[in-house]
Amino acid sequence: MENKSMGKDSMKKDMTKTDAEWQTQLTDEEFHVCRKKGTEHPYTGTLLNNNDVGVYKCKCCGSELFTSDSKFNSGCGWPSFDKEINDGAVVYNEDNS
């Protein structure tokens, strides 16, 4: 999360990278979550209890996803948000695994 005012997103990065390239730029856990659709263990994430005011951005491309005032404690062990910054900023996929 970055504590910057909202505005036009200027941090977008090249998303056309191989897994090997991503692995050099992300930690093992970030790679697992961001590139392989994994999750971190509940109640372990560094942002779970973060109450700083700011904007949550995508680790890979820098797109603004959520503001801190849309974050709430759902009791599930992961940060929860009730509204994305812009419609379509987040892609939702049903997971029945």
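As shown above, the structure is provided for reference.
Because the structure is predicted, anything quoted here is derived from the model rather than measured.

Caption draft 1: Region of interest: the packing of aromatic side chains. Per the counting criterion, the structure on display carries two aromatic pairs. Centroid distance Tyr56 to Phe81: 4.9 Å. Interplanar angle 70 degrees. Geometry classified as edge-to-face. With Tyr56 in strand E1 (residues 55-57) and Phe81 in strand E4 (residues 80-81), this pair connects stretches of sequence that are 25 residues apart. Following the ring pairs from residue to residue traces out a cluster consisting of Tyr56, Phe66 and Phe81. One Lys or Arg, Lys17, reaches over the ring of Trp22 and ends 4.5 Å from the middle of that ring.

Caption draft 2: Broad picture of the pattern of salt bridges. In this structure the tally under the stated criterion is two salt bridges. Ionic pairing is found between Lys59 and Glu30, a salt bridge with its closest N-O pair at 3.5 Å. Placement of Lys59 in the loop between E1 and strand E2 (64-67) and of Glu30 in helix H2 (residues 28-36) is noted, with a sequence separation of 29 residues between them.

The rules behind these values
Residues numbered from 1 in each chain as written. Predicted model: local features only at pLDDT ≥ 70, side-chain atom pairs only at ≥ 80, totals over all residues. Heavy atoms only, no water. Phe/Tyr/Trp six-rings, centres within 6.5 Å; stacked < 30°, edge-to-face > 60°. Helix = DSSP H or I, 4+ residues; strand = E, 2+ residues; numbered from the N terminus. Lys NZ or Arg CZ within 6 Å of the ring centre and 35° of its normal. Salt bridge = Lys/Arg side-chain N within 4 Å of Asp/Glu carboxyl O.

All we've got here are geometric facts, nothing functional implied.
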